[in-house]
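Working through the structure, step by step
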Amino acid sequence: MAKIQFTVPDIGDFDSVDVIEVLVNEGDQVQVDDSVLTLESDKATMEVPSTHSGKVSNIQVKVGDKVAQGTYIFDIEVDEAEQAAEPAKAENKAEEPVKQPAPQAAAAPAPKLHEQTQSSSVGLPTDASVSNTPKPVNHQSMGAVSHASPAVRAFARVLGVDLAGVNGSGSKGRVLKSDIQNFVKSVMQGQASAGGAQGSGIPPVPTIDFSQFGETEEIELSRIKKLSGKHLSTAWLNIPHVTQFDECDITEMDKFRKDMKAQAEKAGVKLTPLVFIMKAVVAGLKAFPNFNASLSPDGQKLIRKGYYNIGIAVDTPNGLVVPVVRDVDQKSIFELSRDLMELSTKARDGKLSPKDMSGGCFSISSLGGIGGTQFTPIVNAPEVAIMGVSKASMQPVWDGSEFKPRLVMPYSISYDHRVIDGAEGVRFSTFVGQHLADIRQLLL
Ligand code: CAO
């Protein structure tokens, strides 16, 4: 084992530069060309590569020190075998063109590195008998938008981090490796808490101290709101949404519903438009199977489903939940009403199990009992479409010869445009509306 003193090589016209990063620790194993030190002058940053493979010991410099060509940096304990091979390597390398720095970098001189065994120095071009393999120092222009060493830039590149978005905590705003690590950590935490909003590269909403404008109060979001918020953000960011607005005449359907009221009460259920809507949606899913599907995780395949489970958005004091009514195609209107009542009661009592909320194919969000004329529901990923129902109102509708009072229900269909084209979207929407306008078709 031979010990070599590694010193600062020829670094061009700089005679006193700052050490801004020591990229090795005591005992580290380095390979030839591994970056071991980052230096910074007022014009450039430079990365100093190792000239040998071996174990680092006796580190002499620390961040903040000033160094010049020839400054002793550390020892490298080099294997004898490597020592023997080194001259041959050096000869070959001497014929190679000198690696040029990055395009914006100031041209570095090709330093001649000097190497000797124990008690000699490495880096000073003073001894012609030793290898003079050119070892370019990797310079980085200070004019670059983000201020970071080549090692940090390489680290950022590996992680796909755009340095422009990273705040540097080093001197003069220099981005350090730890800044990149913190940035990645914060993105990951942001994804966990905000459902990917930050991970998508969207600039964060500015932080404002609202108390400067008046009295404020902080209220912790409910657990459901935190969970649904994350899910909604994920769906919103991952799915290219299109929303189709429509309306349908539910006069006949509502008349039938009211005619059935007494019978429904006898059966212990409350009949609302929603169960008819669920049936019309299932007819639509059968006619347009792309709506009863999910994309495979790689986005290359459509997984069509042969079952018809419909998620129903339920408004609870703690937030929105979406229990799933199973096998809607196989159930009667009364059975569906019963399921809906049971699930919404469970939801409001906070008693839904994970099973109650799984296995959905398509969701319906009905605000019809509350109001509104239209809204854009967010697709409940990994489903590919959702229906938003608004409040029906009596309107004058022209029948070709006169205006007639008709109960018109506005609704919308949001869908994943990766799966469903606009034409298919409006065909589905029209189909569902036609089946609600004439519920006899649901029998076919
Ligand atoms: N147009 C006009 N009236 C409607 C209607 C519509 N589209 N939909 C329901 N109604 C009527 C019902 O018939 C009922 O009136 P009657 O008692 O006179 O029959 C009344 O509105 C209340 O209905 P409901 O809301 O209790 O029942 P529902 O079956 O329509 O809905 C449920 C059940 C659980 C979906 C609903 O209670 C609910 O929670 N809705 C909110 C969903 C939500 O928050 N979505 C938004 C998600 S995005 O944030």
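Here the structure is a predicted model, which means the values were calculated and not measured. (Residues numbered from 1 in each chain as written. Predicted model: local features only at pLDDT ≥ 70, side-chain atom pairs only at ≥ 80, totals over all residues. Heavy atoms only, no water.)

1. Examining the overall build of the protein chain
Cut-off, in case you're wondering: Numbering goes from the N terminus for both helices and strands, where a helix is a DSSP run of H or I of at least four residues and a strand is a run of E of at least two. Relative accessibility under 20% of the residue-type maximum defines a buried residue, over 50% an exposed one, and the middle range a partly exposed one, all with a 1.4 Å probe and only protein chains included. Throughout, a contact is declared for two residues whenever any of their heavy atoms are within 4.5 Å. In short, Shrake-Rupley with a 1.4 Å probe defines the accessible areas, and a residue's cover is counted only from the protein chains shown.
From N to C terminus, the protein chain includes 9 helices and 21 strands. Sorting the 444 residues of the protein chain into buried and exposed places 42% on the buried side. Across the protein chain, contacts joining residues at least 24 apart in sequence account for 63% of those joining residues at least 6 apart. When the accessible area of the protein chain is evaluated, it comes to approximately 23600 Å², of which 53% is carbon and sulfur surface.

2. Remarks on the site of the ligand
Note the threshold: It suffices for a single heavy atom of a residue to lie within 4 Å of a molecule or strand for the residue to be listed as near it. In protein, a polar contact means a hydrogen-donor-capable atom and an acceptor-capable atom, both N or O and within 3.5 Å, with residues adjacent in sequence counting only if both atoms are side-chain atoms; elsewhere, any N or O pair within 3.5 Å suffices. The classification used treats Ala, Val, Leu, Ile, Met, Phe, Trp, Tyr, Cys and Pro as nonpolar, Asp, Glu, Lys and Arg as charged, and all other residues, Gly among them, as polar.
Near the ligand, the surroundings consist of 22 residues, among which Thr-272, Asp-315, Arg-348, Ser-365 and Ala-392 are the closest. Backbone polar atom of Ser-366 to a nitrogen atom of the ligand: 3.1 Å apart, as the coordinates give it. One nitrogen or oxygen atom from the main chain of Ala-392 is found 2.8 Å from a nitrogen atom belonging to the ligand. Starting from 960 Å² of accessible surface for the ligand in isolation, the protein chains cover 72%. At the level of secondary structure, the elements contributing two or more residues to the shell around the ligand comprise helix H7 (273-287), strand E15 (314-316), helix H8 (333-348) and strand E18 (362-366). Residues that form the shell around the ligand fall into these classes: 10 nonpolar, 7 polar and 5 charged.

3. Comments concerning the confidence of the model for the protein chain
Stated precisely, the cut-off is as follows: The predictor rates its confidence in each residue with pLDDT, a number between 0 and 100.
When pLDDT is averaged along the protein chain, the result is 83; 81% of the residues meet or exceed 70. Contacts for the low-pLDDT stretch residues 87-145, under 50 throughout, to residues beyond four places or in other chains number 127 contacts.

4. Focus on the packing of aromatic side chains
This is how the line gets drawn: Only centres within 6.5 Å qualify two rings of Phe, Tyr or Trp (six-membered ring in Trp) as a pair; their planes then separate them into stacked at under 30 degrees, edge-to-face at over 60, and tilted for everything else. Consider the ring centre and the ring normal. A charge sits over the ring if Lys NZ or Arg CZ is within 6 Å of that centre and within 35 degrees of that normal.
Counting across every chain of the model gives 8 aromatic pairs. On the basis of an interplanar angle of 10 degrees and a centroid distance of 5.2 Å, the ring pair of Phe-6 and Phe-74 is categorised as stacked. One end of the pair, Phe-6, is in strand E1 (residues 2-7); the other, Phe-74, is in strand E8 (residues 72-78), and 68 residues separate them in sequence. Taken as a pair, Phe-6 and Phe-74 share a single burial class, namely buried. For the ring pair Trp-398 and Phe-403, a centre distance of 4.9 Å and an interplane angle of 65 degrees mean the geometry is edge-to-face. Directly above the aromatic system of Tyr-308 lies the positively charged group of Lys-286, at a separation of 5.2 Å from the ring centroid.

5. A short note on the pairing of strand E2 (residues 17-22)
The following threshold applies: A pair of strands is labelled paired if DSSP reports no fewer than 2 bridges between them.
Pairing of E2 with strand E7 (residues 66-67), which is carried by 2 bridges, proceeds in the antiparallel orientation. Bridge pairing in E7 links Asp-18 to Lys-66. Here 4 bridges tie E2 to strand E4 (residues 35-40), and the two strands are oriented antiparallel to one another. Note that in E4 the partner of Val-22 across the bridge is Leu-37.

6. A few points about helix H5 (residues 251-259)
Quick reminder of the rule: By arc we mean the arc of the directions from the helix axis to the C-beta atoms, nothing more.
Along H5, the positions that sit buried rather than exposed are Thr-251, Met-253, Asp-254 and Arg-257. Projected onto a plane normal to the axis of H5, the buried residues spread over an arc of 165 degrees and lie on a single side. Summarising the contacts, the buried residues of H5 are in contact with strand E11 (241-249), helix H6 (261-266), H7, strand E21 (403-416) and helix H9 (422-437).

7. Quick look at the packing of H7 against H9
Just so we agree on the cut-off: Throughout, an axis means a line fitted to C-alpha atoms (over the contacting stretch in the case of helices), and angles, computed between N-to-C directions, take values from 0 to 180 degrees. Working definition: roughly parallel below 35 degrees, roughly antiparallel above 145 degrees, roughly perpendicular at 65 to 115 degrees, and oblique for all remaining angles. If you view the pair so one helix is near and one far, a crossing is left-handed when the near helix is turned anticlockwise from the far one by less than a right angle, and right-handed when it is turned clockwise.
Look at H7 against H9: their axes get within 9 Å of each other, and the N-to-C directions meet at 135 degrees. Looking at the two axes, H7 sits oblique to H9. Considering the relative orientation of H7 and H9, their crossing is right-handed. Taken together, the residues of H9 that come into contact with H7 (itself represented by Phe-276, Ile-277, Ala-280, Val-281, Ala-283, Gly-284, Leu-285 and Ala-287) are Phe-428, Phe-431, Val-432, His-435 and Leu-436.

8. Regarding the pattern of salt bridges
As a reminder of what qualifies: What counts as a salt bridge is simple: a side-chain nitrogen of Lys or Arg found within 4 Å of a carboxyl oxygen of Asp or Glu.
Within this structure, the stated rule accounts for 14 salt bridges. Lys-62 is paired through a salt bridge with Asp-65; the nearest N and O atoms lie 3.0 Å apart. Among the ionic pairs, Lys-226 bridges to Glu-220, the shortest N-O distance being 2.5 Å. Connected via shared salt-bridge partners are Asp-249, Glu-252 and Arg-406.

9. Details of a nonpolar patch on the surface
To be explicit about the condition: Residues enter a patch when their relative accessible area is above 30% and they make no salt bridge; the linking distance is 9 Å between like charges and 5 Å between nonpolar side chains (Val, Leu, Ile, Met, Phe, Trp, Tyr).
A surface patch of nonpolar side chains, amounting to about 290 Å² of accessible area, comprises Ile-202, Trp-236 and Leu-237. With respect to the helices and strands, Trp-236 occurs in helix H4 (residues 223-238).

10. Some remarks on H8
Basically, it comes down to this: Helices are assigned an expected span. That span is 1.5 Å times one less than the residue count.
Helix length check: H8 (16 residues) gives 22 Å between terminal C-alpha atoms against 22 Å at 1.5 Å per residue, within 8%. Taken residue by residue, H8 has Ile-333, Phe-334, Leu-336, Ser-337, Asp-339, Leu-340, Leu-343, Ser-344 and Ala-347 as its buried positions. The secondary structure elements touched by the buried residues of H8 are H6, H7, strand E14 (310-312), E15, strand E16 (319-321) and strand E17 (324-325).

11. So, the nonpolar core
Note the threshold: Nine residue types can take part in a nonpolar core, namely buried Ala, Val, Leu, Ile, Met, Phe, Trp, Tyr and Cys, and a core is a set of them joined through side-chain atoms within 4.5 Å.
Core analysis: the largest hydrophobic core is formed by 51 residues, its most contacted members being Met-278, Phe-291, Phe-362, Ile-364, Met-387 and Leu-436. Contributions of two or more residues to this core are made by H7, E14, H8, E18, strand E19 (385-389), E21 and H9. Broken down by element, the residue count for this core peaks at 9 residues, all from H7. Excluding anything up to four places from it in sequence, Met-387 contacts Ile-277, Val-281, Phe-362, Ser-363, Ile-364, Ser-365, Pro-377, Tyr-411, Ser-412, Ile-413, Val-432 and Leu-436.

12. As for the environment of Ser-344
Take Ser-344: it is sitting in helix H8. Between the alpha carbons of Ser-344 and Ile-312 there is a distance of 8.7 Å; along the sequence they are 32 residues apart.

13. Considerations on unusual backbone geometry
Of the consecutive residues Ala-381 and Pro-382, the connecting peptide bond is found in the cis state with omega at 10 degrees. By secondary structure assignment, the location of Pro-382 is in the loop between E18 and E19. The phi angle at Asp-33 is positive, at roughly 80 degrees, despite the residue not being glycine. Mapped onto the secondary structure, Asp-33 falls in the loop between strand E3 (29-30) and E4. Of note, the phi angle at Asp-327 is positive, near 45 degrees, even though the residue is not glycine. Relative to the assigned elements, Asp-327 resides in the loop between E17 and H8.

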